[in-house]
Amino acid sequence: MKNSGYLIKNGEVHNGLGGPAERVDIRVTDGVISEISSNLAPAGDKLIEADGLIVAPGLIDLHTHVFSGIGLYSVDPVDAGLRTGVTSMLDTGTAGSLTYPNFERFIIRPADEDIYALLNISMIGAIQGHPEFPPFMGDLNDGRHADVPSAVQCALKYPDRIVGMKVRLTSGLANFEEKNELAGFHGVFAAAEQLGLPCMIHHAASRIPNTTVLKALRAGDTYTHLYHPHPDHAFDPDGAPIEALLEARARGVLFDVGHGLGAFVWRVAEPACQKFGFWPDTISTDIHQFNLKAPVVDLPTTMSKFLYLGMPLEQIIRASTFLPASAMGKQDRLGSLQAGKQADIVLLKRQRGEFPLTDSESQTRIASERLIAVSVCKRGKWTACQPGAKYPAYE
């Protein structure tokens, strides 16, 4: 079937930019959004009936591990991508300079989704470091792994898909030696500065103080695992953001969820969001082999947790589409519904009922609604996300 001539009608359209939903129609022609307006007349188009559904930009997951076939963590892009409503994703440091070329060749290029990457400052990347799989060794088990020249050389060789740098600052991933963490900490900024690219910092259970990390972050950099449970998270005992966190946001630092297996807990997120209004800029999963079945599942499930917390739907969609695209520097092509943009579109359903939502400490909240992906359009090609969903034409 040709990827042209679709008309999406009667949906609740969120353009991804954070404004209120509109009742408009969207015409897709040859993989591109060609027209958005009210009451568009069919012109030989196949009709996509979206009544009762949310029409949004294709979801963008800013924190994934999809270098499948290497190490302990990664899932196949298929398990984190189109079938969940995600049309683009960012792999955050699974690959380092020694392993990235095969990631691009064998995973990124063949994927149906658009996959971009943050290069790990560690040459070996994030391929080990789970405590249940001895020997327990992480990215920075040896500080020499944080090799700036090789990282810069790799990023310059693959500029189309490498959009920034990544470091994981956790003491256990650095052989419990502060000098190894510091090598990664200083190295990631040195490489990012030389490349003129942003970086993402994973910081949890680290020997480097959170204030040191927050003060080093630059505008456009991302601090992930915002609501993690360790004592060095960036909120005070009452749940209020510490001063360094507020100062970093004022400078233009972005704050990402990065749910993961151990980095999102209700006891931190509830007061931070509901009492003090410190919402994330971007909502992401940190999806990998150890959280795919639970507690993460997929990006719509993570979005549903913020719907439960009280984040407005238009802001949830913006944090899962336009803002991740902007963080990657891809907002000109991805992340919003506008004429001329690539036709990446998701149809979401806002289900009512009773739905358990579980955090990284196995604490569960019962939500009265959730978001699920029904169907997704990638460059004009439609895929069903739910069993029995009709696509590309609702007949």
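Residues numbered from 1 in each chain as written. Predicted model: local features only at pLDDT ≥ 70, side-chain atom pairs only at ≥ 80, totals over all residues. Heavy atoms only, no water.

Caption draft 1: Quick look at the sheet that holds strand 3 (residues 25-29). Read from one edge to the other, the open sheet built from four strands follows the order 4-3-1-5, with strand pairing classed as mixed. A single partner strand is all that each edge strand has here, and the edge strands are strand 4 (32-37) and strand 5 (46-49). Strand-to-strand twist across the sheet, computed as the mean angle between neighbouring axes with direction ignored, equals 20°. As paired elements, strand 1 (residues 6-9) and strand 3 share three bridges and run antiparallel to each other. Bridge pairing in strand 3 places Y6 opposite V28. (Pairing = 2+ DSSP bridges. Helix = DSSP H or I, 4+ residues; strand = E, 2+ residues; numbered from the N terminus. Axes fitted to C-alpha atoms, helices over the stretch in contact; angles between N-to-C directions.)

Caption draft 2: Highlighting the side chain of S304. Positionally, S304 belongs in helix 8 (residues 299-309). The class of S304 is buried, set by a relative accessible area of 1%. Apart from the residues within four sequence positions on either side, S304 is in contact with L357, R370 and L371. (Buried < 20%, exposed > 50% of the residue type's maximum accessible area, 1.4 Å probe, protein only. Contact = heavy atoms within 4.5 Å.)

Caption draft 3: Spatial organisation of the nonpolar core. Ranked by internal contacts, the top residues of the largest apolar core, which has 85 residues, are Y100, F103, M165, Y227 and F306. Looking at this core element by element, the count peaks at six residues for helix 4 (residues 178-195). With 18 residues, the next largest nonpolar core counts I26, V28, A50 and W382 among its residues. (Core = buried A, V, L, I, M, F, W, Y, C linked by side-chain atoms within 4.5 Å.)

Caption draft 4: Molecular detail of the environment of V75. For V75, the location among the structural elements is in the loop between strand 7 (59-64) and helix 1 (77-80). Under the relative-accessibility criterion, V75 is labelled buried at 1%. Sequence separation between V75 and N175 is 100 residues; the distance between their C-alpha atoms is 25 Å.

Caption draft 5: Focus on the packing of aromatic side chains. Taken as a whole, this structure holds 17 aromatic pairs when the rule is applied. Seen from the ring of Y116, R161 lies directly overhead, with NZ or CZ sitting 5.5 Å from the centre. Positioned above the aromatic ring of Y73, the side-chain terminus of R168 is 5.4 Å from the ring centre. (Phe/Tyr/Trp six-rings, centres within 6.5 Å; stacked < 30°, edge-to-face > 60°. Lys NZ or Arg CZ within 6 Å of the ring centre and 35° of its normal.)

Caption draft 6: A look at helix 2 (residues 100-108). Listed in full, the buried residues belonging to helix 2 are Y100, F103, E104, I107 and I108. On an axial view of helix 2, the arc spanned by its buried residues comes to 110°, and they lie on one face. Tucked inside the fold, the buried residues of helix 2 contact helix 1, strand 8 (86-92), strand 9 (114-120), helix 3 (148-157) and strand 10 (162-169). (Arc of directions from axis to C-beta.)

Caption draft 7: Highlighting helix 8. In terms of residue burial, helix 8 counts as a mostly covered element, since ten of its eleven residues are buried. Residues of helix 8 that are buried: L299, P300, T301, T302, M303, S304, K305, F306, L307 and L309. Considering only its buried residues, helix 8 is in contact with strand 7, strand 8, helix 7 (266-275), helix 9 (313-319), strand 14 (345-358) and strand 15 (364-378). G310 lies just past helix 8 and shows a positive phi near 110°.

Caption draft 8: View of the pairing of strand 9. Summarising burial for strand 9: seven of the seven residues are buried, a large majority. One ladder, built from five bridges, connects strand 8 with strand 9; its direction is parallel. Of the residues in strand 9, the one forming a bridge with M89 is I115. Bridge count between strand 9 and strand 10: four bridges; the pairing is parallel. Paired with N120 across the two strands is K166, which belongs to strand 10. Traced from strand 9 through helix 3 to strand 10, the parallel crossover comes out right-handed. (Right-handed = clockwise from strand over helix to strand, strands pointing away.)

Caption draft 9: The arrangement of the pattern of salt bridges in detail. Here the structure, examined in full by the defined rule, presents 20 salt bridges. D142 is paired through a salt bridge with R144; the nearest N and O atoms lie 2.7 Å apart. Since its relative accessible area comes to 67%, R144 is described here as exposed. Here R218 and D221 are joined by a salt bridge, their closest N and O atoms 2.8 Å apart. (Salt bridge = Lys/Arg side-chain N within 4 Å of Asp/Glu carboxyl O.)

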